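# Reading the structure
In case you want the letters, here they are:
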Amino acid sequence: QVQLVESGGGLVQAGGSLRLSCAASGRTFSVYDMGWFRQAPGKEREFVAGIIWSGGSTYYADSVKGRFTISRDNAKNTGNLQMNSLKPEDTAVYYCAAGIGVPIGQAMGDSRSYDYWGQGTQVTVSS
């Protein structure tokens, strides 16, 4: 089992940047594929970005491609989501998730592929 704790959320103006972190504890983080999801008020949870256990492959939702970058540091048991050129529509609670054997590509966007979830961190982008 792995425990995940997100941090780095906050309030930022449109066009600004934030860097979210996901700290993992418990079982060896390096065996887990990782994803970031978000949920805005009144909307379903949606996929943002995913990265495989080695960091060798990443996948992004079209809405964030070119603006967000997912990364991980297995030596530090952390994952990160660098968010640039933020827009008001990026406002949501952001969650990191971990799973083993998550299929690379579009399937990374399926929340059912992930077994462990953090509690979320709020990101608010003002216009």
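Look up a bit, the structure's there.
Computed from a predicted structure; not experimentally measured.

## Quick word on the side chain of Asp 90
- Position of Asp 90 among the secondary structure elements: in the loop between strand S8 (78–83) and strand S9 (92–99).
- On the basis of relative accessible area, Asp 90 is assigned to the buried category, the value being 1%.
- Of note is the side chain of Asp 90, whose polar atom sits 2.9 Å from the side chain of Arg 38.

## A closer look at the pattern of salt bridges
- Under the definition given, this model contains 5 salt bridges.
- Residues Asp 90 and Arg 38 are paired through a salt bridge, measuring 2.9 Å at the closest nitrogen-oxygen approach. Taken together, the residues span a long stretch of sequence, with Asp 90 in the loop between S8 and S9 and Arg 38 in strand S4 (residues 33–39) at a distance of 52 residues.
- Residue class for Arg 38 comes out buried when judged on its relative accessible area of 6%.
- Between Lys 65 and Asp 62 there is a salt bridge, with its nearest N and O atoms 3.1 Å apart.

Analysis parameters
- Residues numbered from 1 in each chain as written.
- Predicted model: local features only at pLDDT ≥ 70, side-chain atom pairs only at ≥ 80, totals over all residues.
- Heavy atoms only, no water.
- Helix = DSSP H or I, 4+ residues; strand = E, 2+ residues; numbered from the N terminus.
- Buried < 20%, exposed > 50% of the residue type's maximum accessible area, 1.4 Å probe, protein only.
- Polar contact = N/O pair within 3.5 Å; in protein donor to acceptor, adjacent residues only side chain to side chain.
- Salt bridge = Lys/Arg side-chain N within 4 Å of Asp/Glu carboxyl O.

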